[in-house]
Each structure stands twice: as structure tokens, then as C-alpha cells.
Amino acid sequence: QGIPGPKGADGKTQYTHIAYANSADGVTDFSTSDSNRAYIGMYVDFNVNDSTTPSDYSWTLVKGADGTQGTPGKAGTDGKTPYFHTAWSYSADGKDGFTTTYPNLNLFTGTSDKPSTSTGGSWNIATIGVYKTPKVGQEYTLSVEVPEADHDVMMEVFRWNNEGERVGWALSTKRIKSGEKAQITFTWPDPTDSGATQIEADLAWTNDTDTGTYSYCKAKLEEGSIATPHMPSSSEVTTADWPRYIGQYTDFTQADSTNPSDYTWSLIRGNDGATGPQGPQGNTGPQGPTGPAGSNGDPGKIVSDTEPTTRFKGLTWKYLGMSDLTASDGTVILSGTEYYWSGTHWILSEINAHNINGDNLSVTNGTFTDGKIKSTWNSGAASGSTEIENSHINMSATNSSSKVTNSLGLDIQQGFGMRWTDPASNQSRSVLLDYGNLVFDRNGIAAGLNFDGTNLSSSMPIQAPNTIVKSTQFTVSGIGIRLDRMMSFVAVTFFGRASSTISNQTINSMLPVGYRPITPCSIDYMVPGHIADNGYIYFNPDGSIAIMTTINSGYYIRGTRLYITNDVYPS
């Protein structure tokens, strides 16, 4: 499931999606859950579900799943190799739940990161998880923490049949001391005819004479040989369970740092948005049936060309005047029309009948003739008509001044069509939709989509605007800075040579809208041949950049880094 981000101005919630693969195009070993891959892919949209199409993601080489080795970059001129390091956390400073291994979902359900206890003797067995659909030959890793225990505890993996009974001896065991976290890696064997169908994991005393209490938490089963941080299962996980921040830095040491302050942290996953505001009140429902008459009997009916001066609830009045009349309550009374008094307002009377027989029916601004309904309207600024006949509906509207016309047609056999025409500019647009085709027309040039039951084809190339790379660049005292925007990511590339010395300088309005980071980002650079003078530049959401160290005249600076933006896509 995708990662909800900050709510946009139109009320939609933005989601950041992450996937993993073993190739730069994301095709090899693609996965949205197993981080045991060499590449990480990301993209942002408004759909909560992760795409399973690798080309939807922007791919970056990161590191091996064990999180201990950085990704080597291109060697510098002094022969040192830079390494790119990544970590995840639940807080902006990286201290809450810091990990260099992205967590997999739990194959066990009902687990918790809060301790449970088991008390007793005679082995004191506690089942910590059951997985009902293991795959033959698949490697699994089981992990658990035992915060406190009166004696050593044994972690065991057994095979179960469909009735929940053990089949054979334990597949694997491990002894755990109080305060320890332990893991077991094992391979699910071919059950042949043993009847084994499920993985069962439990904890127990190491002998049946021990008695007392032990606690346990964070029980987890996952595919592969790496124990990643505890997570709920796919059916239980919420947005808040995933790490919210990603940390990155580059240095010349191969091992990942375990110090959160070494990383630059960026938000990748927001909390679930709050419930939206109350929607507008719906239209008033139809009037209920008239109740029985009150104690003063039938209210009666008045027929006149003036408004009755004596009014009471339920009074019916038929207005005989030749022109419309504005009543004392503000209601416009139509000539030859019947109203009743609600107690505060005149209400137009309705006729309810099972059958009305006649040749033609005429109503205000409309006709009903031989099964054809036609209505016309005029608002002053525009006029139009609506026709309903047999299996189709036609609607049209024309602007009174510009003569621009919009029309719409709907037929249950022929499909749906819309057309816009501007006679002044000789411009037109149209769209047609039937059971297998969608056709667009712009000033006589047409393009369409066709679905033949197996394939969806287009008569012209289709290009998504937010997958196009947009670029801009600028220079500061001879130093070139290039910005490449793709989706929600901006790649910063340094080039050029300093024409003068720059020291601790802030320059406003350098980053155009469309390329500005969500939060201030520290972007480091290298000075070939002068490694001790390597430094960093702050890229800020207000468009300014702040050079934090001294760049001497004549120095070359190099490097490419990445940050996230939520700016409107550049045009």
C-alpha cells in the first residue's frame, strides 16, 4: 500500500510508493515488500495502492539488504571511492526506530510490539505465531524478543497439519536468555505425505522442571535470511506503522553509520489525513402526505385575483390574475396556478395521479408530445434546450455574446458524444465514446483509443506529463548548478569552476518554483584534488541557496544528489 502524504489543496491525499528490484529498470526480482534488493524505486500519485509496473517507479541504486555496506560511487581523482548510505526512521531527527534495513511485512497475524507474558511450569509453552501457506523450498526467518525471563527460553519451529497437530520433530530451535532478541533462519521442506501444511512457532522453558514467568514481543516471520524490524501483517498494517523518514548521506567509508545525526532526513510518508469537513446539506425531500383535517374542519379553497388576507395552514388558493404576482411572503405567484399556505409561505400545489390521459402536455418552458420531452431555457447569458426521445438524450447550450456552443448526446446503442465549437476562432473540440472506442477530435485532427477485448491500442503516442524530465540550471561565480525534475524528485548536479572565492554566502531566488525542496536540504559536494575542502550547500523551500563553507577561486566542484519536492510540475 502506498504512503499518504500531506493533503493537497483539492482535498486529495498524495501517496508515496516504494518498491525494490535487482536491476536499474526495476524488472528483475521486483517487489513492493522485500527490501532485499540492490535498487529502490519511488513515485508519488493520489492512488493508495502500489503499482506493480516497474516502469512507474524512478529507480536508484542503494545497497545490499543486510544494511552493512554502502553503495560504491565513482572513484574521485585522489583514488577514494564515495559511498551512498540510506536509513529509515519514524522521526525527523532519525532517532525513533532508526534502522538501515527497511522492514518487511509480517507473515504472522496478531503480533505486537508490547510484551505478553506466559507463567507456569511443565515447559510453559506459548505459541507466538502460525503461518498457514508456506512455500516448499522457501527460506524463512523467525525473530522474537524476550525482555524478561526467570530462566532461559527455547524458541522452536514446528510443522503443523490442518488440524493444528505437530508433525515430526522441531525444524529448528534456539536458546534465548532474558533481555535478548533472537532469530532462526530455516527452509520449509517438501511435506511429501506427512500432512504438514503450516509453520508454528512457540517459546518454552528449556526443561520441564523450570517454573516462573517470561515475557515476549515483536514475534515476526518473513521470507529471506534477514530479520528486519517488527511490522504487522498486510491485513493489519496502517500508514503509521511504516517508517516516515528516509535518511541519506555520502562519505568515503563503506560501512553504514549507526549515528542518526550523520544522515539528512526527508519525510517520505505522512500520517493518514483527518476526516474531511461536513458536506453541504442535501436537497429537501418530497412533501409527505396531507394529514387529517384539524378541529376547524376542511380549510376550504379560495379562488381570486388577489392574495387572501385571512390565511391558515392548509388553505388552498387559486390565483386567477392575468400576470404574475409577488405575494406578501415573497413568493412569486404564477397566473392560473394553485397554491396552499404552509403556515409561513405559499407552496405550489402538486398533482399526484397513477394515470394522466391526453394527446399532448404543455408545461412552463417545455412540451411532452408523442413520447418526446423537450425543454428550453434562457438565462440571459446563455440559452439552450434538452430533448429526450426513445433511447437517446440531446442537450445544447449557446453563449449569447460569444456564440460558443456546447452540445452533448447520449444513446444507449450508439454511445456518448460531446462537442464544443467557437465560430469566432473557428476552433472545435469533440469526444466520442462507444463500447470499444474512445475518439478525440481537435480542429479536425483526431486520435483515439481502441480495446479489442485483449489489447488497448492508441492511434497516437501517449505521454504522461509528470514522467517528463524538466531541467533548469544557473551559475554562481562560475560554479554551475543543474536541476533535473522528474515526478516528485529533483536531482542536483554540480559542475564548472569557481571564478572567484565564495564564502558563507546566502543567495535568494535561485531555485525556480517547480524545483524547490519540501524542507531545507543539505546538499554536499566534492572538490577533486582538495578533499579537505569538500562542503555543502543548503537548498531552501523559499528558493534561496546558502553556501556554508569557502570555495576558493579556481576550484572545481562535482557531485549529484537527490531531494524531494511537492511543487507544481514545471511547465
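Just so you know, these numbers come straight off a predicted model, no measurement behind them.

On a plain count of helices and strands, the protein comes out with zero helices and 41 strands. Within the protein, buried positions represent 36% of all 571 residues. Of all intrachain contacts in the protein linking residues separated by at least 6 positions in sequence, the fraction that spans at least 24 positions is 55%. In the structure as shown, the protein presents an accessible area of about 31900 Å², 51% of it carried by carbon and sulfur atoms.

For the rest of this paragraph, the subject is the side chain of Asp34. In this structure, Asp34 sits in the loop between strand E2 (13–21) and strand E3 (39–45). Among the polar contacts listed, one links the side chain of Asp34 to the side chain of Arg37, at a separation of 3.4 Å. Discounting chain neighbours no more than four positions away, the residues touching Asp34 are Tyr20 and Asn104.

Here we take up the packing of aromatic side chains. Across all of its chains, the model carries 22 aromatic pairs by this definition. Judged by centre distance (6.2 Å) and plane angle (75°), the rings of Phe98 and Trp265 are edge-to-face. One end of the pair, Phe98, is in the loop between strand E6 (83–89) and strand E7 (116–120); the other, Trp265, is in strand E16 (residues 264–267), and 167 residues separate them in sequence. Classification of Trp265 by relative accessible area gives buried; the value is 13%. Here Tyr263 and Trp265 contribute two aromatic rings whose centre-to-centre distance is 5.7 Å and whose plane-to-plane angle is 40°, an arrangement assigned as tilted. Here Tyr263 matches Trp265 in class, with each residue buried.

Okay, the sheet that holds strand E41 (residues 559–564) next. What the four strands build is an open sheet, ordered E34-E35-E36-E41; its pairing is antiparallel. Where the open sheet ends on each side, the last strands, each with one partner, are strand E34 (470–476) and E41. For this sheet, the mean angle separating the axes of adjacent strands, direction not counted, is 20°. The pairing of strand E35 (residues 479–486) with strand E36 (residues 489–496) spans eight bridges and is classified as antiparallel.

An order of E17-E18-E21-E22 is seen for the four strands of this open sheet, with the pairing classed as mixed. On the outer flanks of this sheet lie strand E17 (301–304) and strand E22 (346–348), each paired with one strand and no other. Direction aside, the axes of adjacent strands within the sheet are offset by 30° on average. By the bridge criterion, three bridges tie strand E21 (residues 338–341) to E22 in an arrangement that is antiparallel.

Buried residues dominate E35, accounting for six of its eight residues. Examined bridge by bridge, E34 and E35 share seven bridges and lie antiparallel to one another. Bridging from a neighbouring strand, Phe474 pairs with Ile481 of E35. Counted along the chain from E34 to the antiparallel partner E35, the turn is two residues long, and its residue Ser477 has a positive phi close to 50°.

Next up on the list: the side chain of Asp50. Looking at the secondary structure, you find Asp50 in the loop between E3 and strand E4 (58–61). Only 2.6 Å separates the side chain of Asp50 from the side chain of His17, close enough to count as a polar contact.

Attention now moves to unusual backbone geometry. Although it is not a glycine, Trp123 sits at a positive phi angle of roughly 80°. Relative to the helices and strands, Trp123 is located in the loop between E7 and strand E8 (126–131). Here the phi dihedral of Ser477 falls at roughly 50°; this positive angle occurs in a residue that is not glycine. Tracing the backbone shows Ser477 in the loop between E34 and E35.

Of all eight residues in strand E13 (residues 198–205), eight are buried, a share of seventy percent or more. What you see with E13 is no split at all: Gln198, Glu200, Asp202 and Ala204 on one side and Ile199, Ala201, Leu203 and Trp205 on the other are buried throughout. Pairing analysis gives five bridges linking E8 to E13, with the strands arranged antiparallel. Bridge pairing links Tyr131 to Ile199 in E13. When strand E10 (residues 153–160) meets E13, the two strands line up antiparallel, connected through eight bridges. Each bridged residue has a counterpart across the sheet, and for Arg159 the counterpart in E13 is Ile199.

About the cut-offs
- Along each chain, numbering runs from 1 in the same order as the chain's sequence is written.
- With the structure being a predicted model, the display of local features is reserved for residues of pLDDT at least 70 and the display and counting of side-chain atom pairs for 80 or more, all residues being used for whole-chain, interface and lining totals.
- Heavy atoms from the whole structure form the basis of all side-chain values; hydrogens and water molecules are not counted.
- Helix and strand labels come from DSSP, where a helix needs a run of H or I of at least four residues and a strand needs a run of E of at least two; each type is numbered from the N terminus.
- Per-residue accessibility, obtained with a 1.4 Å probe over protein chains only, is compared with the maximum for each type, and a residue is labelled buried under 20%, exposed over 50%, and partly exposed between these values.
- The criterion used for residue contact is that any of the two residues' heavy atoms lie within 4.5 Å.
- In short, Shrake-Rupley with a 1.4 Å probe defines the accessible areas, and a residue's cover is counted only from the protein chains shown.
- Polar contact is the term for a pair of N or O atoms within 3.5 Å; when the atoms are in protein, one must be able to donate a hydrogen and the other to accept it, and sequence-neighboring residues count only if both atoms are side-chain atoms.
- For Phe, Tyr and Trp, where Trp contributes only its six-membered ring, two rings pair if their centres lie within 6.5 Å, and the inter-plane angle classes them as stacked under 30 degrees, edge-to-face over 60, or tilted in between.
- Following DSSP output, two strands are said to pair if at least two bridges run between them.
- Simply put, an axis is a line fit to the C-alpha atoms, just over the touching stretch for a helix, and the angle between two N-to-C directions goes from 0 to 180 degrees.

Any functional reading would require information that these geometric values do not contain.
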